[in-house]
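Breakdown of the fold
Each chain, letter by letter, is given below.
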Amino acid sequence: MIEIKDNSILLSDGSNQYDLPFLWLRDNCQCNECRITETQEKQFLLHSVPVDIAPKHVEEIENNINIIWPDDHKTFIPIELIKKLHLSRYPKHSSWPNEFEPEKYNWSEFLDSKKTALEALKTFVTYGVIILKNAPQESNSLELLAKRLGPINEVLFERIHNVSVTGHIYNVAHTPKGLPPHNDFASYNAQPSVQVLHMLENECEGGESIIVDGWQVVKDLKADIPEYFYILQNFNVPFREFDEDNETYAEAPLIKCTSDGTIESFRFSNQLMQMIDPRKDGVGKFYKAYHEISSRVHDKKYHSTFRLNGGEALVVASLRVLHAREPFEPNGKRHLQDAYFTYDNAANNIVLLSN
Ligand SMILES: [Fe+2]
Ligand SMILES: [Zn+2]
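Residues numbered from 1 in each chain as written. Chains lettered and ligands numbered in written order. Predicted model: local features only at pLDDT ≥ 70, side-chain atom pairs only at ≥ 80, totals over all residues. Heavy atoms only, no water.

**What about the coordination of the zinc ion (ligand 2)?**
Around the zinc ion (ligand 2), the protein contributes the donor atoms Cys29 (SG), Cys31 (SG), Cys34 (SG) and His73 (NE2), at 2.0 to 2.3 Å from the metal centre. Around the zinc ion (ligand 2) sit four donor atoms; with metal-centred angles ranging over 99 to 117°, the donor geometry is tetrahedral. Written as a sequence motif, the donor residues of the zinc ion (ligand 2) are C-x1-C-x2-C-x38-H. This pair shows no difference in class: cysteine 31 is buried, exactly as cysteine 34 is. (Donors = N, O, S within 2.8 Å, 3.2 Å for Na, K, Ca; no water. Tetrahedral: all angles 85-135°; square planar, octahedral: opposite > 155°, others 65-115°. Buried < 20%, exposed > 50% of the residue type's maximum accessible area, 1.4 Å probe, protein only.)

Written as structure tokens, this is what we have:
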């Protein structure tokens, strides 16, 4: 049923009601003149009609809204299209259940089977983490994951980063010390959004992997102490990672949300955080909030701990899931490689693989 109001059309369909502004209707005309038929891109330019445009005639024919405008342009919009707009392209994010451990998928099936890849990517979006097992134990195998995760997001230092105690040391990860929970390259404004940690060999005692659901930490902080949440959302923190050949630096808040308040990213790196200029407003308040979130990040209730074996690759949505490592005895071979990818590419492959 259609009812014409002052500035919009009210479409009623059983229990659903859609209030469709005239400009919205004109902008979304599906005719071949308003769209480029080959690409489905919009061709119509909104400013080519008056802002107060109103239809001359409206009717519903065979599940289409049909409109004739004052310049005699004829618009049609299938009602099915409007009904589907609320559907999410991706699975919903879920909290981790108790005793959570990442789901494991076979490396080669992930690459070769569309069905496994789809399932794995859905799990990845839902929980922010998966493990690929039976991965090749050869250097630079991470290049192969581009098929499912999109191109490598190359950053400074190395394209595929080597983490061992025998190589180039520019980070605490290259020592046998424990690594507190963090995400990598907080020192980039566009911080990498997917990280894959590929264990080539792990013969050392200790060095268990720990992952932390950072978004759960942030959500709980918002519920418990909203004031701290807002401070961390609005206070820029400096981060730096460098060596003799590379310089990376960014200032950004620890928490970023989308315009509707959904958490978008949690930036956390004790090791890369720099000295904050004490003349800046609110340093004292920031530090109280930072103390609180730091203790929550280290609270074991947000952790999942496991051993990442040689031939396993841990894939994390790194703006959500922090990673950490317990200290290890350097009494055997331990070689990890990591590379970064882009979350949008991984998530959009869910749509591609669903076709
Ligand atoms: Fe790291
Ligand atoms: Zn049109």
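Now that the structure is up, let's keep going.
**Description of the layout of surface pockets**
Computed from the structure, the largest pocket encloses a volume of approximately 400 Å³. Put simply, the parts of the chain that give the lining of the largest pocket at least two residues each are strand 19 (263-266) and helix 9 (343-354). Tallying contributions element by element places helix 9 first for the lining of the largest pocket, with three residues. In terms of residue class, the lining of the largest pocket is made up of nine nonpolar, seven polar and four charged. Every residue along the wall of the second largest pocket is listed here: Trp24, Asn28, Gln30, Cys31, Asn32, Arg35, Thr37, Gln40, Ile77, Leu81, Ile82 and Leu85. When its residues are assigned to classes, the lining of the second largest pocket shows six nonpolar, five polar and one charged. (1 Å grid on protein atoms, 1.4 Å probe; cavity = no way out; pocket = protein on both sides within 12 Å on 5 of 7 lines; lining within 4 Å. Points joined across faces, edges and corners; volume = space filled by probe spheres on them. Helix = DSSP H or I, 4+ residues; strand = E, 2+ residues; numbered from the N terminus. Nonpolar A, V, L, I, M, F, W, Y, C, P; charged D, E, K, R; others polar.)

**Some points on the packing of aromatic side chains**
The tally for this structure, following the rule as stated, stands at 13 aromatic pairs. Both rings, one in phenylalanine 157 and one in phenylalanine 185, keep their centres 5.8 Å apart while their planes meet at 40°; by these two values the pair is tilted. On the criterion of sequence distance, the pair formed by phenylalanine 157 in the loop between helix 5 (146-149) and strand 11 (161-163) and phenylalanine 185 in the loop between strand 12 (179-182) and strand 13 (194-202) is long-range, its members being 28 residues apart. In this structure, phenylalanine 157 and phenylalanine 185 share a single accessibility class: buried. Between tyrosine 287 and tyrosine 290 the ring centres are 6.0 Å apart and the planes differ by 80°, which places this aromatic pair in the edge-to-face class. Highlighted residues: tyrosine 287 and tyrosine 290, both in helix 8 (residues 283-297), separated by three residues, approximately one helical turn. (Phe/Tyr/Trp six-rings, centres within 6.5 Å; stacked < 30°, edge-to-face > 60°.)

**Digging into the coordination of the iron ion (ligand 1)**
Within the protein, the atoms that donate to the iron ion (ligand 1) are His182 (NE2), Asp184 (OD) and His323 (NE2), at distances of 2.1 to 2.2 Å. Each donor residue of the iron ion (ligand 1) lies on one chain, and together they are spaced H-x1-D-x138-H. Taken together, the residues histidine 182 in strand 12 and histidine 323 in strand 22 (residues 321-325) connect sequence positions 141 residues apart. Residue histidine 182 shares its accessibility class with histidine 323, and that shared class is buried.

**Structural notes on empty space enclosed by the protein**
Within this structure, the stated rule accounts for two cavities of 30 Å³ or more. In this structure, the largest cavity is lined by 28 residues; those nearest its centre are Ala173, Leu179, Asp184, His323 and Asp338. When residues of the lining of the largest cavity are traced back to their parent elements, those giving at least two are strand 11, strand 12, strand 13, strand 22 and strand 24 (334-341). Roughly 30 Å³ of internal volume is contained in the second largest cavity. Looking at the second largest cavity, the residues that line it are Val163, Ser164, Val165, Ala173, Arg325, Phe328 and Arg334.

**A closer look at the sheet that holds strand 8 (residues 74-78)**
With antiparallel pairing, three strands are arranged side by side in an open sheet as 6-7-8. Either end of the sheet is taken by a strand with one partner, and the two such strands are strand 6 (57-61) and strand 8. On average, each strand axis in the sheet is inclined to that of its neighbour by 20°, with strand direction left out of account. The pairing of strand 7 (residues 64-68) with strand 8 spans five bridges and is antiparallel. Following the sheet pairing, isoleucine 68 is matched in strand 8 by lysine 74. (Pairing = 2+ DSSP bridges. Axes fitted to C-alpha atoms, helices over the stretch in contact; angles between N-to-C directions.)

**Remarks on the nonpolar core**
Leu232, Leu254, Ile255, Phe266, Phe286 and Ile293 are the most contacted members of the largest nonpolar core, which totals 32 residues. The element contributing the most residues to this core is helix 8, with six residues. Ranked by size, the runner-up nonpolar core spans 29 residues in total, among them Phe124, Ile152, Val194 and Ala339. (Core = buried A, V, L, I, M, F, W, Y, C linked by side-chain atoms within 4.5 Å.)

**Quick notes on the domain arrangement of the chain**
According to the domain assignment, the chain consists of domain 1 (2-86) and domain 2 (104-354). Each of domain 1 and domain 2 has a C-alpha centre, and these two points are 44 Å apart. (Domains from an automatic or database assignment.)

**Observations concerning the pattern of salt bridges**
Two side chains with opposite charge may pair up if their charged atoms get near one another. Under the defined criterion, the tally for this structure stands at 15 salt bridges. In this structure, arginine 240 engages glutamate 247 in a salt bridge whose closest nitrogen and oxygen atoms are separated by 2.7 Å. Residue arginine 240 is classed as partly exposed on the basis of its relative accessible area, which comes to 27%. With relative accessibility at 44%, the residue glutamate 247 sits in the partly exposed group. Between arginine 296 and glutamate 292 there is a salt bridge, with its nearest N and O atoms 2.6 Å apart. On the criterion of helical spacing, the pair formed by arginine 296 and glutamate 292 is a turn pair, its members being four residues apart in helix 8. Residue arginine 296 is classed as buried on the basis of its relative accessible area, which comes to 12%. (Salt bridge = Lys/Arg side-chain N within 4 Å of Asp/Glu carboxyl O.)

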